[in-house]
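# Structural overview for review
Residue strings, one per chain:
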Amino acid sequence: MNQGPGEEQEQVTGLVCQEADLQDGQMQEVTVGDQKVLLVRTQGQYRAVGGQCTHYNAPLVKGALVGDRVRCPFHGASFNVRTGDIEEYPGLDCLPSYKVKVEDGKVYVSIDKKSLKMTKRVKEMCSRVPHINHTILLIGGGPASLVCAETLRQNCYQGRIVMVTKDTLPPFDKPKLSKVMNLDSSNILLRSSDFFQQYGIEVWTQKEAVSVNPLEKVVKLSDGTLQQYDQLLISTGCRARPLTCPGHDLKGVRLLQTYEDAKEIHHSCLGQRAVIIGASFIGMEVAAYISDKAASVAMVGTTVYPYDQSLGPEIGKMTMQMLVEQNVKFYMKDRVAEIRGENGKVKEVVLKSGVVLEADVVIAGIGVIPNSDFLERSQVEVDSRKAVIVDKFMKTNIPDVFGAGDVTSFPLTIRRDQRVNIGHWQMAQAHGRVAALNMLNKPTEIDSVPFFWTVLLGKSIRYAGYGEGYTEIIFKGKVEERKFLAFYLKDEEVVAAASLMFDPAVTCLAELMAKRQIITKAQAQSDDLSWLQM
């Protein structure tokens, strides 16, 4: 290769393959100077980007490549292989992209020495210009607010950005709270305080909005102060539904909402008798986490199996068996009648069936309530569940007021604009991006495919689509062997899929759904899954 002496010193170049080694639509992981690189051939051209997903460092070579987009096998984040830019969440950062040269039938990749250790790239952003007084106020400190703030700065918004959160921490990786509960706060922060300072994003912690006046464009905060805005984002998320049975207020009854809650649950369960109420995602993850830490773990659920409605009885039965093997005891098709205490502290949980469970700690995971009470007199429209109603542009019924994340009810493209409320991390991030672009008068519709994951005892179940109201499940592999792919059908069409140890099937399905492909029952039934492009 012809390089000037200076250029050669500043770069590390590797011969990675022969030109004929990859066909269009193929990818390969190669190494250049200790850096893992994803080499892709698309439309006759070679491209090279970082080889690890910027979310949790998954190897992208095991994911799905469709056109110019590679989708992570673990949690569904997507990246453009031409630019490295992130196009679908979760995660915040882009991939580094590298120079590729094809010469004499050989493919070379060059990396600047100064970026050799870099596995992710923060998209270019502007900062605040002091004399611009336009203010965008973001209520809530979750993924929707953070992505909204970053998207505004990526698109040259130079006004004031204020994020208000009731948490003690700035935006953090909340899905980890129920999976690894004893984390140091520094390990879950999504961005550093230096980052917020550098890009002029004000983050106010331990403050809540108590009312909104859209006529005056003012939000009243819990400390009594008033904050003016030009545009407003409501992204307050949901709170854990509290127990209402007698004894719900005893010491030792806990909900998982904050970083502090997770730490307290971890410490209060060590060597103690724990009862978990609610056999769904949060309850099951907490049970799995404390199964080797508590003296005993009992799980109370109202259905026959965990996840009965969402993932179906077969998968529910399998997950139940996984936890039974870790000595978790299940009390299903039952409810809590009361929690009894001694000296103001939990002593036992009485079930409707008459069963009495000894308990030192009770953890409830019985659903969530949208945080929208502060909108009561604002005329912002909410649905019967109190979720904020938004359109495809994340706009509410009030001008300059937008909504994003778990607190909203929005039209889902893959279900022909059926109005849904989805509490997925990835979807909240997508909402934040769309809201920001529409605030800047760049008309953009929400069209992401829902994707989430749950982790039990080191095993990860992945899920894409929207399966509510499904009428049939078609399985590939064997659920009882804990290696399967499940297709959820409604009206002879695949509406969602879940998998365990079957990567990258769910990721591939998400990418097909994103391309608006209809997947038929016949395809799901077929032994030939080549249509999934795995």
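This report concerns the structure included in the present document. The shown structure was predicted, so the numbers you read here are calculated from the model rather than taken from an experiment.

Here we come to the overall build of the protein. Counting its secondary structure elements, the protein contains 9 helices and 36 strands. Relative to the compact-globule value of 24 Å for 534 residues, the protein shows a C-alpha radius of gyration of 25 Å, a close match. Over its C-alpha atoms, taken along the principal directions, the protein stretches across nearly 80 × 60 × 45 Å. Counting over 534 residues, the protein shows a buried share of 54%. Counting only carbon and sulfur atoms, one obtains 46% of the accessible surface of the protein, whose full area is about 23,200 Å².

Attention shifts here to the nonpolar core. Judged by nonpolar contacts, the single largest core of 95 residues is most densely connected at V219, L232, I234, L485, F487, L509 and L532. Residues in contact with F487, not counting those within four places in the same chain, are E472, I473, I474, K476, V494, A496, A497, L509, A524, L529, W531 and L532. Among the nonpolar cores identified, the runner-up in size contains 49 residues, and I290, M332, F452 and V479 belong to it.

A separate point is helix α8 (residues 505-514). Most of α8 is tucked away: 9 of the 10 residues are buried. Within the span of α8, buried status applies to A505, V506, T507, C508, L509, A510, E511, L512 and M513.

Mapped onto the secondary structure, D85 falls in the loop between β7 (78-80) and β8 (86-88). A polar atom in the side chain of D85 sits 2.8 Å from the side chain of R121. Contact partners of D85, with chain neighbours within four places excluded, come to S78, F79, N80, C94, R121 and K123.

Looking now at unusual backbone geometry. Residue P90 is reached from Y89 by a cis peptide bond, and omega for that bond is 15°. Along the chain, the position of P90 falls in the loop between β8 and β9 (97-103). In this model, D503 is joined to P504 through a cis peptide bond whose omega is 0°. The topology assignment puts P504 in the loop between β36 (493-500) and α8. Backbone geometry at Q379 places phi at a positive 70°, although glycine is not the residue there. Residue position: Q379 is located in the loop between β27 (368-370) and β28 (388-389). A positive phi angle, close to 65°, is found at E492, a residue other than glycine.

As summarised here, the arrangement of the 5 strands in space is β32-β33-β36-β35-β34, forming an open sheet in which the pairing is antiparallel. Because the sheet does not close on itself, it has two edges, and the strands there are β32 (451-456) and β34 (472-478). Strand-to-strand twist of the sheet, defined as the mean angle between neighbouring strand axes without regard to direction, takes the value 15°. Taken together, the 7 bridges between β34 and strand β35 (residues 483-490) define a ladder with antiparallel strand orientation. Residue pairing across strands places K476 opposite L485, the latter belonging to β35.

Pairing is parallel across the open sheet formed by 5 strands, whose spatial order is β19-β26-β20-β21-β22. Pairing within the sheet leaves two strands with one partner each, and these edge strands are β19 (253-255) and β22 (328-331). The mean inter-strand angle of the sheet, taken between neighbouring strand axes irrespective of direction, is 25°. Pairing analysis gives 5 bridges linking strand β20 (residues 273-277) to strand β21 (residues 296-300), with the strands arranged parallel. Within β21, the residue paired with V275 across the bridge is A298. Taken strand by strand, helix α4 (residues 259-269) contacts β19, β20 and β26 (361-364), and its axis lies near 145° from that of β19.

Basis of the calculations
- Residues numbered from 1 in each chain as written.
- Predicted model: local features only at pLDDT ≥ 70, side-chain atom pairs only at ≥ 80, totals over all residues.
- Heavy atoms only, no water.
- Helix = DSSP H or I, 4+ residues; strand = E, 2+ residues; numbered from the N terminus.
- Rg over C-alpha atoms; globule rule 2.2 N^0.38 Å.
- Buried < 20%, exposed > 50% of the residue type's maximum accessible area, 1.4 Å probe, protein only.
- Areas by Shrake-Rupley, 256 points an atom, 1.4 Å probe, with all protein chains shown as cover.
- Core = buried A, V, L, I, M, F, W, Y, C linked by side-chain atoms within 4.5 Å.
- Contact = heavy atoms within 4.5 Å.
- Polar contact = N/O pair within 3.5 Å; in protein donor to acceptor, adjacent residues only side chain to side chain.
- Pairing = 2+ DSSP bridges.
- Axes fitted to C-alpha atoms, helices over the stretch in contact; angles between N-to-C directions.

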